[in-house]
Amino acid sequence: MTNKHGDFIWYELLTTDVDAAARFYGTVIGWQSRAMEEADNGYRLFAMGSTDIAGFMPVPAKAEGMRPGWLGYVGVDNVDEAAADIVQAGGAQHMPPTDIPGVGRFALLADPQGVPFYVMRGASEETSTSFSPNGIGHCQWNELSTSDPAAALAFYKARFGWEKGDAMPMGEMGDYQFINQGDQTIGAVMRHMPGGPPPMWNFYFGIADIDAAAQAVSGNGGSIHYGPAEVPGNIYIIVASDPQGALFGLVGPRKS
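Source: prediction; values computed, not measured.

**Q** Before we move on, could you go through the packing of aromatic side chains and cite the residues and values that matter?
**A** Applying the stated criterion across every chain, the model contains 32 aromatic pairs. When the ring of tryptophan 70 is compared with that of phenylalanine 205, the centres are 5.1 Å apart and the planes differ by 55 degrees; the resulting orientation is tilted. Residue tryptophan 70 is found in strand 5 (residues 69-75), and its partner phenylalanine 205 is found in strand 13 (residues 200-206); the two are separated by 135 residues along the sequence. Comparing tryptophan 70 with phenylalanine 205 shows no difference in burial state: the two are buried. Residues tryptophan 141 and phenylalanine 178 carry aromatic rings whose centres are separated by 5.5 Å and whose planes lie at 90 degrees to one another, so their mutual orientation is edge-to-face. Linking tryptophan 141 in strand 9 (residues 139-146) with phenylalanine 178 in strand 11 (residues 175-181), this pair joins segments that are 37 residues apart in sequence. Residues tryptophan 141 and phenylalanine 178 agree in their burial class; the two are buried. Stacked on the ring of tyrosine 236, the Lys or Arg arginine 254 has its end atom at 4.5 Å from the ring centre.

Structure representation (C-alpha cells):
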C-alpha cells in the first residue's frame, strides 16, 4: 500500500438489498457494479470507469440491530498495532485484525464516542484514489458528526496525525472544524445534532450536476434530508439516504 498512514483508502456500504443498491447508486452517481470474484460473502464493487471506488455487501446476519450505512477505511502502517492502540485509547474493537488474501489486513473498530470505522493495510502496491477531492464519482469529503468534537479530534490526531484546519462557526452547534491530512483538507468534524442521525462518519461523493443528482435521488426511492445547499467554493451539497436507509452525501456544481 503506497498511501500514507492516516489516508482514507476505501468506503463500504452495508445494505439490506444489494441489487437495489447497485441500481440506485448507478443512477445517482454513475457507478458501475460487479461481484468481487474472490469473495464468498456476496461482496460487490462500485467503480467509476476502470477505478474501483467502494464496496458493498449485505448487512451481516450476525450483526444484530445493525442499520444499513456507509463505513470508511483508514490506511495504517500496521493493523494490529493500530487496533491495540485504539482500544487502549478508549475505543472498541468490533472485528479483530483479519486477513483477506490478496486484498489486505483490516479490523473494524470504533472511536471513544462510539463511531465505527475500519483500519486497513492494503496488499496492493497501487495508490488508492477512492478519496479524491476533485474526482467525479470519488469521495470528496469525510464528515464526522460526534458527541464530543474536541475529544474526537484529539483521538484521531494521535492515531492518524490529522491536524486542525480552518473552522466555520455554527452558532450553538459550535465550530465546523476542518481536518487536514498533511497538506490536504480531507473533511471536517462537527457536533452531533440532537434529534438527528446517530453520531457517525458521513461521506460526500462527487457528482457533475447537483440538481440532476437531487432529482435522481428523489426519483429512485431515496430521501433528501438537506440541500441542495451552497458551500464555500461555489459548489453545493446534499445529505440524503438511499431506499434502504443508508445516509450519504453528494457534492458538486449547479449547472442550471
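**Q** For the packing of helix 1 (residues 18-28) against helix 4 (residues 210-219), give the residues involved together with the corresponding values.
**A** Running from amino to carboxyl end, helix 1 crosses helix 4 at an angle of 155 degrees, the nearest separation of the two axes being 9 Å. Comparing the axis directions of helix 1 and helix 4 gives the class roughly antiparallel. As for how helix 1 packs across helix 4, the hand of that crossing is right-handed. Residue-level inspection shows Phe24, Thr27 and Val28 of helix 1 in contact with helix 4, the latter providing Ala213, Ala216 and Val217. Grouping the amino acids of the contact of helix 1 with helix 4 by side-chain chemistry returns five nonpolar, one polar and no charged.

**Q** Which residues make up helix 4, and what are the values?
**A** The complete set of buried residues in helix 4 reads Ile210, Asp211, Ala213, Ala214, Ala216 and Val217. For helix 4, the side-chain oxygen to backbone nitrogen distance between the N-cap and aspartate 211 is 3.0 Å, and the N-cap itself is aspartate 209. One or two residues past the end of helix 4 sits glycine 221, with phi positive at roughly 90 degrees.

**Q** Explain unusual backbone geometry residue by residue, including any values.
**A** Each neighbour pair has its own omega, and for glycine 227 with proline 228 the value is 5 degrees, a cis peptide bond. One can find proline 228 in strand 14 (residues 223-231). A positive phi angle, near 60 degrees, is found at asparagine 234, a position not held by glycine. Here asparagine 234 is to be found in the loop between strand 14 and strand 15 (235-241).

**Q** Tell me about the sheet that holds strand 13, and please be specific about residues and values.
**A** Strands sit in the order 10-11-12-9-13-16-15-14 across an open sheet of eight strands; the sheet is mixed. This sheet does not close on itself; its edge strands, each paired only once, are strand 10 (163-169) and strand 14. Between one strand axis and the next, the sheet turns by 25 degrees as a mean value, whatever way the strands run. Pairing of strand 13 with strand 16 (residues 247-252), which is carried by three bridges, proceeds in the parallel orientation. Residue pairing in the sheet places phenylalanine 205 in a bridge with leucine 250 of strand 16. In this fold helix 4 packs onto strand 14, strand 15 and strand 16, with an angle of close to 175 degrees to the strand it touches most, strand 14.

Rules and cut-offs
Residues numbered from 1 in each chain as written. Predicted model: local features only at pLDDT ≥ 70, side-chain atom pairs only at ≥ 80, totals over all residues. Heavy atoms only, no water. Phe/Tyr/Trp six-rings, centres within 6.5 Å; stacked < 30°, edge-to-face > 60°. Helix = DSSP H or I, 4+ residues; strand = E, 2+ residues; numbered from the N terminus. Buried < 20%, exposed > 50% of the residue type's maximum accessible area, 1.4 Å probe, protein only. Lys NZ or Arg CZ within 6 Å of the ring centre and 35° of its normal. Axes fitted to C-alpha atoms, helices over the stretch in contact; angles between N-to-C directions. Parallel < 35°, antiparallel > 145°, perpendicular 65-115°, else oblique. Left-handed = near helix turned anticlockwise from the far one by under 90°. Contact = heavy atoms within 4.5 Å. Nonpolar A, V, L, I, M, F, W, Y, C, P; charged D, E, K, R; others polar. Polar contact = N/O pair within 3.5 Å; in protein donor to acceptor, adjacent residues only side chain to side chain. Pairing = 2+ DSSP bridges.

Keep in mind these values describe shape, not function.
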